[in-house]
Amino acid sequence: MQSRRKFLQNTALLGVGSALSNPLLAENKLQIEKDRPFPIVIATWNNEKAVKAAYQVIKSGGRAVDAVEMGAKVPEADPNDTSVGYGGFPDRDGHVTLDACIMDEFGNAGSVMFLEDIMHPISVARMVMEKTPHVFLAGEGAQQFALENGFEKQNLLTDKAKQALEEWRKTSQYQPKINVERHDTIGILAADSNGNFGGACSTSGLAFKMRGRVGDSPIIGAGLYVDNEVGAATATGLGEVVVKKVGAFSIVEMMRNGKSPQQACEEAIKRLQNLKNIQDLQVGYIAVSKKGEIGAFSVHPGFQYAVVQKGKFRLVDSKSLFSEKK
Ligand code: ASP
């Protein structure tokens, strides 16, 4: 008599055989694959290399969380990106201090903030998520944890950044400029072929900030939020206002309640409208839904986002609250 396992195996094989020999079924399967919006990777600003690197990870069978970590590492290692990792502009005392966080499809989260001398804060954040019972590690403790886990100390202050600090010290005016080098934080969201999400955010924060200042980027719910049932959102721009509005989480919650990612990003930016200094600050949000729809919106024009969807790269100008370029 045939065992139950054997019976199941044979039935499964029969199924495969008939699907392969039935051109209609095979065509159907192809069509379903074609219509799927995933995989997808989307990132703040013109982070072309980052989204492409992340997409490759998914194509090679990696999880979305692997992809976003890989993506964030690209600007972190780039000395010419003056807002993230190595080459990031320092605080007013000359120290490069880094903030980063990451979330996976299970709702796990890890974050480091005020981290010094470590090139890849996003990977440390991932280790916090996976190897500790905590979500946030800050400052010396975060660095100690990184060193204990194989990361090496490196000087992240480049000559270009040093010169920029010297230039800034001539006036010492603490007035973040819109869309210039002080706003290049990478927020990166991905969904793999099955629509499972991951997200990461990494920054050196505002240039010439006060020592010890932490922005929105490492704060789960402000700079980044991922909910595998709903989608994901991330932020760039003046962290102080993003934190006060819990930006990324509010966008995901609006999507949960039926708004499209575009409507949710617009609403989140409109909630900043009453701020006295709205004319002088920039915030940009991006979001992706479980259906694979994309949304983006910013306070001022000039904010862009990078996408790879089904193998195709595109750089898109975000819509904004104000229409005139500052
Ligand atoms: N959001 C970052 C921060 O406030 C900076 C930025 O995106 O430009 O630290």
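Predicted, not measured: the structure shown is a model, and the values here were computed from it.

A. Up close: the sheet that holds strand S4 (residues 136-138). Within the open sheet, the 8 strands sit side by side as S4-S3-S2-S6-S5-S1-S11-S12. Their pairing is mixed. Of all strands in the sheet, those bounded by a partner on one side alone are S4 and strand S12 (312-317). With direction set aside, neighbouring strand axes in the sheet form an average angle of 10 degrees. Pairing geometry for strand S2 (residues 97-103) and strand S6 (residues 197-203), over 5 bridges, is antiparallel. The partner of Asp99 across the bridge, within S6, is Thr203. Packing against the sheet, helix H3 (residues 48-59) makes contact with strand S1 (40-44), strand S5 (186-191), strand S11 (304-309) and S12, and its axis sits at approximately 155 degrees to S1. Sitting on the sheet, helix H4 (residues 64-76) is in contact with S2, S5 and S6, with an inclination near 155 degrees to S5.

B. The arrangement of the site of the ligand in detail. Contacts to the ligand come from 13 residues, most closely from Thr185, Arg213, Asp216, Thr236 and Gly237. Between an oxygen atom of the ligand and a side-chain N or O atom of Thr185, the distance comes to 2.6 Å. Within the side chain of Asp216, one N or O atom sits 2.6 Å away from a nitrogen atom of the ligand. Notes on the ligand: free accessible area 270 Å², of which the protein chains cover 100%. Across the shell around the ligand, the residue classes tally to 1 nonpolar, 8 polar and 4 charged.

C. Representation of the side chain of Ser298 within the structure. When you line up the elements, Ser298 lands in strand S10 (residues 294-298). Residue classification places Ser298 among the buried residues on the basis of a relative accessible area of 0%. If near-sequence neighbours (up to four positions away) are discounted, Ser298 is found in contact with Ile269, Gln282, Val283, Gly284, Phe303, Ser318, Lys319, Ser320 and Leu321.

Reading guide: rules and limits
- Residues numbered from 1 in each chain as written.
- Predicted model: local features only at pLDDT ≥ 70, side-chain atom pairs only at ≥ 80, totals over all residues.
- Heavy atoms only, no water.
- Pairing = 2+ DSSP bridges.
- Helix = DSSP H or I, 4+ residues; strand = E, 2+ residues; numbered from the N terminus.
- Axes fitted to C-alpha atoms, helices over the stretch in contact; angles between N-to-C directions.
- Contact = heavy atoms within 4.5 Å.
- Near = heavy atom within 4 Å.
- Polar contact = N/O pair within 3.5 Å; in protein donor to acceptor, adjacent residues only side chain to side chain.
- Areas by Shrake-Rupley, 256 points an atom, 1.4 Å probe, with all protein chains shown as cover.
- Nonpolar A, V, L, I, M, F, W, Y, C, P; charged D, E, K, R; others polar.
- Buried < 20%, exposed > 50% of the residue type's maximum accessible area, 1.4 Å probe, protein only.

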